[in-house]
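# Geometric and topological summary
As a plain string of letters, each chain reads:
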Amino acid sequence: MEKENIHALLSEILEKSTNEERKNLYSLLEGVKKKQSNHYKTYLAGYLGIKSKVINDGTYESIIPNRELIHNPLQIAHGGITASLLDIAMGSLVHQSLPSTKAAVTSEMNIHYLAKGSGKELRCRSHVLFKSENRWVVKADVFRDDQTIVATATGNFMIIPRRV
């Protein structure tokens, strides 16, 4: 893609944008920049502004800011974003536990949405229910600031050879 086309599009957007639209655009561009600098492994993680860490041997936590960028028309976190947060937290738990020659891919995910995704951030905690050489089953819960559970999920992950 030509730089001139990107500059023209950005200029057009900025001229017509509201403060809120500029804030969201900035968040997207910041995500790309952080992906470029290897702060994030994927663009999606950069766009979400995700922060993740291992809590203990069996629990992994991922947190995203609950900002307008991820909202649906009802001004709450979009269900697809909640699903992505669940998948990222569960998949990351599996990936960080595998040898470098293996990878995991989601083969099935079952989600129950329980409350609206409101508040300043969404926190997801995942832990392993079952693991074998070829398959892991993981459970995760998403919470909002007031500790209300927003969604709960289980995911099946197939373990495959990592391509280099």
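Residues numbered from 1 in each chain as written. Predicted model: local features only at pLDDT ≥ 70, side-chain atom pairs only at ≥ 80, totals over all residues. Heavy atoms only, no water.

### Quick notes on the packing of helix H1 (residues 3-16) against helix H2 (residues 19-36)
Inclusion rule: Note on geometry: axes are C-alpha line fits, over the in-contact stretch for helices, and angles between N-to-C directions span 0 to 180 degrees. Note on conventions: DSSP H or I runs of at least 4 residues are helices, E runs of at least 2 residues are strands, and numbering of each starts at the N terminus. Just so you know how the angles are binned, under 35 degrees is roughly parallel, over 145 roughly antiparallel, 65 to 115 roughly perpendicular, and the rest oblique. Residue contacts are counted whenever heavy atoms from the two residues lie within 4.5 Å of one another. Asp, Glu, Lys and Arg are counted as charged, while Ala, Val, Leu, Ile, Met, Phe, Trp, Tyr, Cys and Pro are counted as nonpolar; the rest, among them Gly, fall into the polar class.
For the pair H1 and H2, the least separation of the axes is 9 Å and the interaxial angle reads 150 degrees. In terms of orientation, H1 lies roughly antiparallel with respect to H2. Contacts between H1 and H2 involve Leu10, Ile13, Leu14 and Lys16 from the first element and Glu21, Arg22, Leu25 and Leu29 from the second. Split into classes, the residues belonging to the contact of H1 with H2 amount to five nonpolar, no polar and three charged.

### With respect to the packing of aromatic side chains
Applicable threshold: Aromatic pairing here means that ring centres of Phe, Tyr or Trp (its six-membered ring) are within 6.5 Å. Orientation follows from the plane angle: under 30 degrees is stacked, over 60 is edge-to-face, and everything else is tilted. Remark: a charge is flagged as sitting over a ring if the NZ atom of Lys or the CZ atom of Arg is within 6 Å of the ring centre and within 35 degrees of the ring normal.
Throughout the structure, instances matching the rule amount to one aromatic pair. Its end group placed over the ring of Tyr43, Lys35 keeps NZ or CZ at 5.0 Å from the ring centre.

### Here we look at unusual backbone geometry
Heads up, the rule is: Between buried and exposed lies partly exposed: a residue is buried under 20% and exposed over 50% of the maximum accessible area for its type, with that area taken using a 1.4 Å probe on protein chains only.
Positive phi outside glycine occurs at Asn38, with the angle close to 65 degrees. Summarising the element assignment, Asn38 is placed in the loop between H2 and helix H3 (43-48). For Asn38, a relative accessible area of 66% gives the class exposed. We note that Gln147 has phi near 70 degrees; this positive angle belongs to a residue other than glycine. Along the polypeptide, Gln147 turns up in the loop between strand S5 (135-143) and strand S6 (149-161). A relative accessible area of 48% means that Gln147 is categorised as partly exposed.

### Concerning helix H4 (residues 79-97)
We count it as follows: Expected helix span is given by 1.5 Å per residue-to-residue step, counting one fewer step than there are residues.
The terminal C-alpha atoms of H4, which comprises 19 residues, lie 27 Å apart, in line with the 27 Å expected from a rise of 1.5 Å per residue. Taken residue by residue, H4 has Ile81, Thr82, Ala83, Leu85, Leu86, Ile88, Ala89, Met90, Gly91, Leu93 and Val94 as its buried positions.

Shape is all these values report; function is a separate question.
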